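Residue strings, one per chain:
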2 protein chains.
Amino acid sequence: MPVIEFLPSKKTIHVAAGALLHDAARKAGVEIDVPCGGKGTCGKCVVKIKSGQVDTESFGMLPPEAATEGIVLACRTRVLDECVVVEVPDRKGYEGGKFSDEDETYLVRGELLPQKWQYDPLAVKWLLQVPGPKLGDGLSDLDRLTRAIQQWWGKIEIVYPLSVIRDTAEALRSEDGQVTITFVRDQERVHAIRIEKGDTTLRHFAIAVDVGTTTIAVQLINLGQANILCTRTDYNGQIPCGLDVISRINYAARPDRQQELRTRVLDTINKLIKQAAESHGVQPEEICNAVISGNTTMTHLLLGLKPEYIRLDPYTPTVHEVPYLNAADTGITINPDSWIYFSPSVGSYVGGDITAGVLCTDLSTPIDEMNLFIDIGTNGEIVLGNKDFLMACACSAGPAFEGSGIECGMRAALGAVEKVKVDPITGIASYSTIGDVRPKGICGSGIIDLLAELFITGWLDSAGKLNRVRECACIKTIGKRTYYIIVPETQSGIDKPIMISELDIENIIRAKAAIYSACTLMLNQAGMDFNDLAHIYIAGGFGRFLDLEKAKIIGLVPDVAKEKFHYIGNASLMGSYMVVVSQEYKEHQQELARRMTYMELSSDPAYMDHYTGALFLPHTDPSRFPSVLHMKQRL
Amino acid sequence: MPVIEFLPSKKTIHVAAGALLHDAARKAGVEIDVPCGGKGTCGKCVVKIKSGQVDTESFGMLPPEAATEGIVLACRTRVLDECVVVEVPDRKGYEGGKFSDEDETYLVRGELLPQKWQYDPLAVKWLLQVPGPKLGDGLSDLDRLTRAIQQWWGKIEIVYPLSVIRDTAEALRSEDGQVTITFVRDQERVHAIRIEKGDTTLRHFAIAVDVGTTTIAVQLINLGQANILCTRTDYNGQIPCGLDVISRINYAARPDRQQELRTRVLDTINKLIKQAAESHGVQPEEICNAVISGNTTMTHLLLGLKPEYIRLDPYTPTVHEVPYLNAADTGITINPDSWIYFSPSVGSYVGGDITAGVLCTDLSTPIDEMNLFIDIGTNGEIVLGNKDFLMACACSAGPAFEGSGIECGMRAALGAVEKVKVDPITGIASYSTIGDVRPKGICGSGIIDLLAELFITGWLDSAGKLNRVRECACIKTIGKRTYYIIVPETQSGIDKPIMISELDIENIIRAKAAIYSACTLMLNQAGMDFNDLAHIYIAGGFGRFLDLEKAKIIGLVPDVAKEKFHYIGNASLMGSYMVVVSQEYKEHQQELARRMTYMELSSDPAYMDHYTGALFLPHTDPSRFPSVLHMKQRL
């Protein structure tokens, strides 16, 4: 049985001959990221074979000489020899991200939030007085409890889980029969979740969860007062298995890996729940409801559903409206008998995060004015409509805006270049970094800043080519590629300059073109253009750091009045909160989901035309961006 | 940390100082039975301390010299020393019991069994054709499945557990959309349990379970044809923790022991399910429903409910009508999403085994004639009634009829004396044993045989005293006790004679008096006597080997015409079978349970009078047993 040693950790593991290096590393507890999901297409899982024989596949992104030096992709290399030593390069970690854990309710217009009189959470607490046991009345403890509930509620059927039955005898005998019942109601039944001795009505909690491809946020809510106690955010533990949903779906092709993805996302969610609960002295079993909103793939992976068919024509997921599930069944570590509600999805690429997000906008109200909702993330999701119709579509922006798939790209974390100013004369960039430390890379908002500056100052043309004519210390051609150096090696926090290639720029242009053209197509379908819109809502973590003027310059967002734009933060999380505290909002969300028409962009031939047109800065048709034209002319 | 060595197995274990010897033995995997539940009252857990210091409590049943020889009760002895060596005597095992695994339906009158047109099991299978996925129809797999079900069933709500959601995508894509759904219905909903590809309607199974204090029986049922495939029976794995329900309740006083009792009974049930399923090539997940009938204590222990309050005034159990529970929640290893139904109980000592058993009798039919149902086991349960009323009560017969609490008593297992004939002249017994091997002890039916024979031949008087006047080789007085030797040492299969003491006889008389007087009291309450009864149904494993004539002689059963008696076997199991195959029977059983009035004997002062009157052979009032009087006079 071959034995593999991983350096520098010196962790070793025995595996069967023919095992994938990546699997072996995982078993040994060594993390090797596979951003593309293990398809061999991203080249990020390079490792160096120090000794021993392996069977590797050759891939385009590795230069031919790599193999001779023992550099291989861990996801496509199998162990042959009895003894293999593998050097794993330092991980560019996902640690230290810049998360906003503040209450973001202020980002949402007040009248859109549930009002006091709409507070009506699914899980409710009741204080009851249950008479003591009596000889000869033939009533069990549960019979007496049922009667006490029915005295309040009428002859409704009551459903008890085993855990409540188990706790009943002691609870009824502890404080003279005073007990607090937690339950949920549906049309004909009361479902008990918990029984506690005495009066615990003031301790009543729920959570709202946003499960993003990249980021997961958990919000702890005090149901008694419908107020948010705290929010905890972290990267999705699935990131090492692929950066976007397609990579994750590819990674999940093997059942053990599908299971691994489930475990990873649950681990992240449960860790955040624990942190949030502990910070407020709340026990997990006191949390008796959860609302979870995620894109369709995230929901499938969380539930252990095979995501494969989301990716394959005709793109049919297993489920849109997940029925209520027990916390215990889902693996969410709150009270095991809690009901978990998943925000409904509309299509394979328009998920529960969008139906939750729309609740934070005027699209959820009966107005005549036309509104647009854009959630910019690894996927871009767009909803257009008013009281008469709702259309939704999704486009793949790729992870470029999140700093991935870009040579020196990184997340909006410590050391990321986030603001850039380019000198029109010298072409040299001045910049600031998150945390004001030495730069380690450039994040999404930094890249948009940079491109806008380069374009306005003329160092970048509309086709995304760097200026090779004017002399510039920052523009260099190495081999076949031309680069712009943002941070020279001397100022860099890593051992090399931070630069961006024309290939990177192409990636960003493709990403912005995907989103802009999806919006255009949708408006066209409705016989409108951007000027017909009353409001444009921008959601998603990336939007937080976005400079709208710069986004306009590169053509990511349309050239309309600034006042029409509204940044609404993590709308998926905020919408989840609304559904937690108000069943009216839950029903409203379900109705919105049913009303939304899902447009499959890939099946619309016009999309390609719109997309190609948008592959310029700001657009092939500059008249669409008059203010950018004006700005260019002024300089 | 003290270390204990158990002989002869030489198993050792480290325990904390002060640990109970019995707990230590359990941890070490050494079984020491505590028939009384660890209260120190039965004296069956004696062990010998070979070396080391222990702290033991002195109990009446151990002679004073025992302690000096190191003989102690494992349940009341704590370890003090660093090193203790304990000799554990050979277990009189509960192995090799004589169980009837045959189909006993023939014991129940044909018209009482569910008829073909009443077959309507809770769990049903359906073959469905589900259309394939289509681009742009906005339907998930689950949506299409729901529509296919609703096309048959109308707009009913369908509830899916996570396991079914997980299997749906593959099932729908496997055999051109042909799938088989297993589900249960309630008033407004269809609850899916399982989805399988293709047509599996012919493979559809359920189980019926009787959970007795002593014996557990599992029946595998083919739901397609409502026929019984097989029955598997074994002793309840809880026996080492106490022989009767009170001992078990005492044993369960500590939470870890309550959990242990749950594990033990589940282990027995699940082992029997496995045996039954394997013998017919059935997979556990193909078993999609179970009906479980047990006495109130057994049901509580199986569900992990604290049984304490069953024993304490006002004798109020946690639950009579257990709601439907998931197999996964209960720990029964069939399909985890199956619904498990528990036969309802009526009182702390009249359980689901009785409401199931009554289904096998005329008491469940709308007749005018008065009927009596007696389930003779460790507890005796009695139901009296007709179409107008049903009364139920329970008395503690103790384990004597099952061969326990009797010096040479044993179960109806290999080597048990089961038939006895006593020579009127010499007083010497001739006997036969189960399996025709050398006798090891005497079982319940053997004891009744023996007592009846001794009484009729005059070697025993009505007060239960052995004849000390006439010379008899078999009657011996040792110390203060007088014994009757059934099997001399030379013929015995153990190293000592098999005999019965006057104390044993007293036990038996008490047991029969408890049952007879409970019946009398109940008839009195209804203003009747035994002659008013049309039928007397005897249920329970013990009844199988019972010689009715002999039972009459000792006054266990009333002196009425033989034709009125009907032995109906394991009625609890048969009733469970009926409920499995017919929801009509389930509803009927629930109605019977609600109609039954529970009489608490211990609170009725007249019970003591009736009981005292029955403490003679056959009774203080011999006119109640004219045929016995006649028999005596003839000899």
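Treat the numbers as computed from the prediction; the structure is a model and nothing was measured. (Residues numbered from 1 in each chain as written. Chains lettered and ligands numbered in written order. Predicted model: local features only at pLDDT ≥ 70, side-chain atom pairs only at ≥ 80, totals over all residues.)

With that settled, the discussion passes to the overall build of chain A. When you go through chain A residue by residue, the secondary structure sums to 17 helices and 29 strands. For a compact globule of 635 residues, the expected C-alpha radius of gyration is about 26 Å, and chain A comes in at 27 Å, within 12% of that figure. Its C-alpha atoms give chain A principal-axis dimensions of about 100 × 70 × 45 Å. Contacts spanning at least 24 positions in sequence make up 67% of the contacts within chain A whose residues lie at least 6 apart. (Helix = DSSP H or I, 4+ residues; strand = E, 2+ residues; numbered from the N terminus. Rg over C-alpha atoms; globule rule 2.2 N^0.38 Å. Contact = placed C-beta atoms within 7 Å.)

Next up on the list: the relation of the copies chain B and chain A. Superposing chain B onto chain A takes a rotation of 180 degrees plus a shift of 0.1 Å along the axis, which leaves an RMSD of 0.1 Å. Considering both components of the superposition, the chain copies are consistent with a two-fold axis. In terms of C-alpha distance to the rotation axis, chain B has Glu-188 of chain B as its closest residue, with the C-alpha 4.5 Å off the axis. (Least-squares fit on C-alpha atoms with pLDDT ≥ 70 in both.)

Before going further, it helps to examine the sheet that holds strand 2 (residues 11-14) of chain A. Residue and element names in this part refer to chain A. The strand order 2-1-7-3-5 describes an open sheet built from five strands, whose pairing is mixed. Each having just a single partner strand, strand 2 and strand 5 (71-73) make up the two edges of the open sheet. Averaged over all adjacent pairs, the angle separating strand axes in this sheet is 35 degrees, with direction ignored. Alignment of strand 3 (residues 46-51) against strand 5, held across three bridges, turns out to be antiparallel. Across the sheet, residue Val-46 finds its bridge partner in strand 5, namely Leu-73. Packed on one face of the sheet, helix 1 (residues 21-28) meets strand 1 (3-7), strand 2, strand 3 and strand 7 (83-87) and runs near 115 degrees to strand 2. (Pairing = 2+ DSSP bridges. Axes fitted to C-alpha atoms, helices over the stretch in contact; angles between N-to-C directions.)

Attention shifts here to the sheet that holds strand 23 (residues 441-442) of chain A. Residue and element names in this part refer to chain A. The three strands lie next to each other as 22-21-23, forming an open sheet whose pairing is mixed. Each end of this open sheet is capped by a strand with a single partner; those strands are strand 22 (429-433) and strand 23. For strand 21 (residues 416-422) and strand 22, the ladder comprises five bridges, and the chain directions are antiparallel. If you follow Val-417 over to strand 22, its bridge partner there is Thr-433.

The subject of this paragraph is the domain arrangement of chain A. All names here are of chain A. On domain assignment, one finds that chain A holds domain 1 (3-87), domain 2 (122-197), domain 3 (205-342), domain 4 (353-399 + 508-634) and domain 5 (408-498). Placing a centre on the C-alpha atoms of domain 4 and another on those of domain 5 gives a separation of 28 Å. Each side of the interface is counted separately: domain 4 has 15 residues, and domain 5 has 14 residues. Secondary structure elements with two or more residues in the side of domain 4 that touches domain 5: helix 12 (502-525), helix 13 (548-554) and helix 17 (626-634). By residue number, the principal contributor to the side of domain 4 that touches domain 5 is helix 13, which donates four residues. (Domains from an automatic or database assignment.)

Moving on, we get to helix 15 (residues 583-595) of chain B. For an α-helix, the turn length of 3.6 residues means that residues three or four places apart are oriented alike. Residues and elements named next belong to chain B. If you check helix 15, its first and last C-alpha atoms are 18 Å apart, about what 13 residues at 1.5 Å a residue would give, namely 18 Å. Residues Tyr-585, Lys-586, Gln-589, Leu-592 and Ala-593 constitute the buried set of helix 15. All buried residues of helix 15 project into a common sector of 120 degrees when viewed along the axis, lining one side. Those residues of helix 15 hidden inside the fold are in contact with strand 17 (339-342), helix 10 (352-357), strand 20 (390-396), helix 14 (571-581) and strand 29 (596-598). (Expected span 1.5 Å × (residues − 1). Buried ≥ 20, exposed ≤ 12 C-beta atoms within 10 Å, placed from the backbone. Arc of directions from axis to C-beta.)

The next subject is the interface of chain B and chain A. Contact with chain B, which involves 38 residues of that partner, is made by 38 residues of chain A. If you list the elements that add at least two residues to the side of chain B that touches chain A, you get helix 3 (141-153) and helix 4 (162-172) of chain B. Ranked by the residues each element gives to the side of chain B that touches chain A, the list is headed by helix 4 of chain B, at six residues. When grouped by side-chain class, the residues that make up the side of chain B that touches chain A number 18 nonpolar, 10 polar and 10 charged. (Nonpolar A, V, L, I, M, F, W, Y, C, P; charged D, E, K, R; others polar.)

For the bond running from Asp-313 of chain A to Pro-314 of chain A, omega is 5 degrees, close enough to zero to count as cis. Look at Ala-226 of chain B: it is not a glycine, yet its phi comes out positive at around 50 degrees. Classification of Ala-226 of chain B as buried rests on a count of 21 C-beta atoms within 10 Å.

Residues and elements named next belong to chain A. Look at helix 12 against helix 16 (residues 605-613): their axes get within 8 Å of each other, and the N-to-C directions meet at 130 degrees. As the angle between them shows, helix 12 and helix 16 are arranged oblique. The handedness of the crossing between helix 12 and helix 16 is right-handed. Contacts between helix 12 and helix 16 involve Ala-513, Ala-514, Ser-517, Thr-520 and Leu-521 on the former and, on the latter, Ala-606, Tyr-607, His-610, Tyr-611 and Gly-613. (Parallel < 35°, antiparallel > 145°, perpendicular 65-115°, else oblique. Left-handed = near helix turned anticlockwise from the far one by under 90°.)

Moving on to the environment of Ile-568 of chain B. All names here are of chain B. One can find Ile-568 in the loop between strand 28 (565-567) and helix 14. For Ile-568, a count of 22 C-beta atoms within 10 Å translates into the label buried. Taking the C-alpha atoms as reference, Ile-568 lies 44 Å from Asp-167; in sequence the two are 401 residues apart.

The biggest cluster of nonpolar side chains holds 391 residues, and the ones touching the most others in it are Ile-486 of chain A together with Ile-486 of chain B. Residues contacting Ile-486 of chain A, with those up to four places away along its chain left out, are Val-417, Val-420, Ala-429, Tyr-431, Ile-442, Leu-450, Ile-498, Met-499 and Ile-500 of chain A. (Core = buried A, V, L, I, M, F, W, Y, C linked by C-beta atoms within 7 Å.)

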